[in-house]
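Fold and contact review
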Amino acid sequence: MGRVCIVGAGSSGIASCQVLDARGVPFDCFEAGSAVGGNWRYNNDNGMSSAYRSLRANSSRRAMQYAAFPVPSNYPDYLGHEMVATYLDDFVDHFGFRGRIQFRTEVIRAEPAPGGGWDVTVRQRDSGAKRTERYRAVLVANGHHWDPRYPAPAIPGAGAFRGEQIHSHHYRTPDPFTGRRVLVLGIGNSACDIATECSQVAARTLLAVRRGAHIVPRYLFGQPTDHLTLMRLGSRVPLRLQRCAVALLLRLAQGNVTSRGLPKPAHQLLCGPPTVSDSLLGRLERGDIAVKPAIDRFDRDRVHFTDGTAEQVDTVIYSTGYNISVPFLDPASIGAEGNRIPLYHRVVPPRRPGLYFIGLVQPIGAIMPIAEIQSQWIADLLQERATLPSEPEMDREIARYFAVTARRYAHSGRPAIQVDFLAYLREIARERRARASRHGARRALAPHPPARQILQGQAAVIPG
């Protein structure tokens, strides 16, 4: 069996490494930085991590753990980036494949090879030396939170604004903003964390919100909030009833967010990842943060808003998301259009045999278990324990997905990669069973514990 190339050693890439290693599939993994962990490695020398010093996971440990390697039970419910990085290091060392990862080596080109397979060109960052090798398949796990996206087109007057403009990707601590007038643009997790931190040291902190969002605390009535939607009840109750139940609990726990100045969300709960924050609402109540509508224009040292008001501002921090970038692939060859890549079950580009994407989803939930089961499915395909349907059938599934997500996540900047955590795990499990059973290979599939078992912390190491 030919070797497989894995691009990236973040939480998705190392999940693929572990699965392929356990299944006896030879591989090389290339990582631009000096360590595993990707976005969870604070000040990662790969230059792509967006982790800030206070970053803490928004998914509880039982919801984010790998089935093959549960998070230790003595860890807190929600892990800071240091503990996540330690967990990822322990994962790699437990399974013993660190030596298969080539650090400080970046993939600069991957293209279909004549006669099949992929030619992958890598560059050693320290020496600049390049080499090209042939691989049977390429697993893309380079992440999608590293290429900052700014408003496009730019907000009128942005070029003439005399203040500082940065993206949240480059934010690390609030210290540089002491005594300054700070405007944070956005209402996602990073925006709320950054606005909350800056409000402790800044002279004035503004939060510009174009649309409303559902603000969710990490705990509801003493339980991690994601257990309400990721436990057995959440996996079986229809989405409409889940929305009603969680919305009621949120209303009882924190009241109406519009009373703090936030706009009412235009979308229903669970129609996109909620904003997780334990402190934003309190800061709004105390007046530490002032909510403003969308920016209309810049004017030297002032920012004008769509409600006609204006404020003097020293620093604007754009928490406006990220582009989906795969710089080593030809976008036209995979049908990429903007932030949309057509992938069968969010993994397989129909017309590029041997190319797979790991973790290119935005789940309402954590990424690690998803990357793990995606890797199991890819291993099935590589070992011919399962097959893919015809290209027209894959195209139809992709079209259905885009149509459904466009309706449900129309408010989101990333409708083309949104998935529900449990529903998607079941989707991949069904695909593995269905495609294997047609070829009499169902019993050969490596098992994957159900989501409920993962959440209960009872998952066992997956056999090869």
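Residues numbered from 1 in each chain as written. Predicted model: local features only at pLDDT ≥ 70, side-chain atom pairs only at ≥ 80, totals over all residues. Heavy atoms only, no water.

**Comments concerning the overall build of the chain**
Looking only at helices and strands, the chain has 12 helices and 24 strands in total. Among the 464 residues that make up the chain, the fraction classed as buried is 54%. Expressed as a percentage of contacts within the chain between residues at least 6 apart in sequence, the contacts between residues at least 24 apart total 66%. Carbon and sulfur atoms make up 50% of the accessible area of the chain, which totals about 19,400 Å². (Helix = DSSP H or I, 4+ residues; strand = E, 2+ residues; numbered from the N terminus. Buried < 20%, exposed > 50% of the residue type's maximum accessible area, 1.4 Å probe, protein only. Contact = heavy atoms within 4.5 Å. Areas by Shrake-Rupley, 256 points an atom, 1.4 Å probe, with all protein chains shown as cover.)

**Some thoughts on empty space enclosed by the protein**
Scanning the model with the defined rule gives three cavities of 30 Å³ or more in all. Around the largest cavity, the lining residues are Val140, Asn142, Gly143, His144, Ile324, Ser325, Val326, Phe357, Ile358, Gly359 and Leu360. A class-by-class count of the residues in the lining of the largest cavity yields six nonpolar, five polar and no charged. (1 Å grid on protein atoms, 1.4 Å probe; cavity = no way out; pocket = protein on both sides within 12 Å on 5 of 7 lines; lining within 4 Å. Points joined across faces, edges and corners; volume = space filled by probe spheres on them. Nonpolar A, V, L, I, M, F, W, Y, C, P; charged D, E, K, R; others polar.)

**Things to note about helix α9 (residues 368–382)**
Taking 1.5 Å as the rise per residue, α9 with 15 residues should run 21 Å; its terminal C-alpha atoms sit 21 Å apart, in good agreement. Phi for Glu384, located one or two positions after α9, is positive at around 60°. (Expected span 1.5 Å × (residues − 1).)

**Quick look at the packing of aromatic side chains**
With the rule as written, the count across this model stands at 15 aromatic pairs. An angle of 55° between the planes, with centres 6.0 Å apart, marks the rings of Tyr344 and Trp377 as tilted. Here the residue Tyr344 occupies a position in the loop between β21 (322–323) and β22 (355–357), and Trp377 occupies one in helix α9, the gap between them amounting to 33 residues. Ring geometry for Tyr401 versus Phe402: centroids 5.7 Å apart, planes at 50°, classification tilted. Counting every residue linked through ring pairs, the aromatic cluster contains Tyr66, Phe69, Tyr87, Phe91, Phe95 and Phe97. Its end group placed over the ring of Phe27, Arg100 keeps NZ or CZ at 4.1 Å from the ring centre. Taking NZ or CZ as reference, Arg340 lies 3.9 Å from the ring centre of Phe402, over its face. (Phe/Tyr/Trp six-rings, centres within 6.5 Å; stacked < 30°, edge-to-face > 60°. Lys NZ or Arg CZ within 6 Å of the ring centre and 35° of its normal.)

**Quick look at unusual backbone geometry**
Trans peptide bonds make up most of the peptide bonds, and negative phi angles are found at most residues other than glycine. The omega torsion of the bond from Ala152 to Pro153 falls at 0°, within 30 degrees of zero and hence cis. Residue position: Pro153 is located in the loop between β8 (147–148) and β9 (164–167). The backbone of His345 sits at a positive phi, close to 50°, despite the residue not being glycine. Relative to the assigned elements, His345 resides in the loop between β21 and β22. Overall, the relative accessible area of 8% leaves His345 in the buried class.

**Side note on the environment of Arg351**
Tracing the backbone through its elements, the reader meets Arg351 in the loop between β21 and β22. Overall, Arg351 belongs to the partly exposed group, its relative accessible area being 44%. Sequence separation between Arg351 and Ile334 is 17 residues, and the spatial gap between their C-alpha atoms is 7.4 Å. If we ignore the near neighbours within four places in the chain, the residues touching Arg351 are Glu391 and Asp395. Only 2.4 Å separates the side chain of Arg351 from the side chain of Asp395, close enough to count as a polar contact. (Polar contact = N/O pair within 3.5 Å; in protein donor to acceptor, adjacent residues only side chain to side chain.)

**Quick word on the side chain of His227**
Tracing the sequence through the fold places His227 in helix α5 (residues 226–230). A distance of 3.2 Å separates polar atoms of two side chains, one belonging to His227 and the other to Ser60. Not counting residues up to four positions away in its chain, the partners in contact with His227 are Ser60 and Arg62.

**A word on helix α4 (residues 189–198)**
The buried count for α4 comes to eight of 10 residues, which makes it a mostly enclosed element. If you check which residues of α4 are buried, you get Ala191, Cys192, Asp193, Ile194, Ala195, Thr196, Glu197 and Cys198.

**Examining the sheet that holds strand β2 (residues 27–30)**
Sheet architecture is open: five strands sit in the order β3-β2-β1-β7-β22, paired in parallel fashion. In this open sheet, the two edge strands, each paired with only one partner strand, are β3 (101–102) and β22. Where β2 lies against β3, two bridges are found, and the strand directions are parallel. Residue Cys29 lies in a different strand from β3, and its bridge partner there is Ile101. Seen against the sheet, helix α1 (residues 11–22) touches β1 (4–7), β2 and β7 (137–140) and runs at an angle of roughly 155° to β1. The sheet strands contacting α9 are β1, β7 and β22, and the helix crosses β22 at an angle near 165°. (Pairing = 2+ DSSP bridges. Axes fitted to C-alpha atoms, helices over the stretch in contact; angles between N-to-C directions.)

**Re the pattern of salt bridges**
Tallied over the full model, the rule gives 27 salt bridges. Between Asp45 and Arg104 there is a salt bridge, with the nearest N and O atoms lying 3.2 Å from each other. On the criterion of sequence distance, the pair formed by Asp45 in the loop between β2 and α2 (61–64) and Arg104 in the loop between β3 and β4 (105–112) is long-range, its members being 59 residues apart. Residue classification places Asp45 among the partly exposed positions, given a relative accessible area of 34%. Three or more residues joined by partner-sharing salt bridges are found here, namely Arg3, Asp28, Arg131 and Glu133. (Salt bridge = Lys/Arg side-chain N within 4 Å of Asp/Glu carboxyl O.)

**Some thoughts on the packing of α1 against α9**
α9 packs onto α1 with a crossing angle of 40° between their chain directions and a minimal axis gap of 8 Å. Judged by the inter-axis angle, α1 sits oblique to α9. Our pair here, α1 against α9, has a crossing hand that is right-handed. Contacts between α1 and α9 involve Ser11, Ser12, Ala15, Ser16, Gln18, Val19 and Leu20 on the former and, on the latter, Met368, Ala371, Glu372, Ser375, Gln376, Ala379 and Leu382. (Parallel < 35°, antiparallel > 145°, perpendicular 65-115°, else oblique. Left-handed = near helix turned anticlockwise from the far one by under 90°.)

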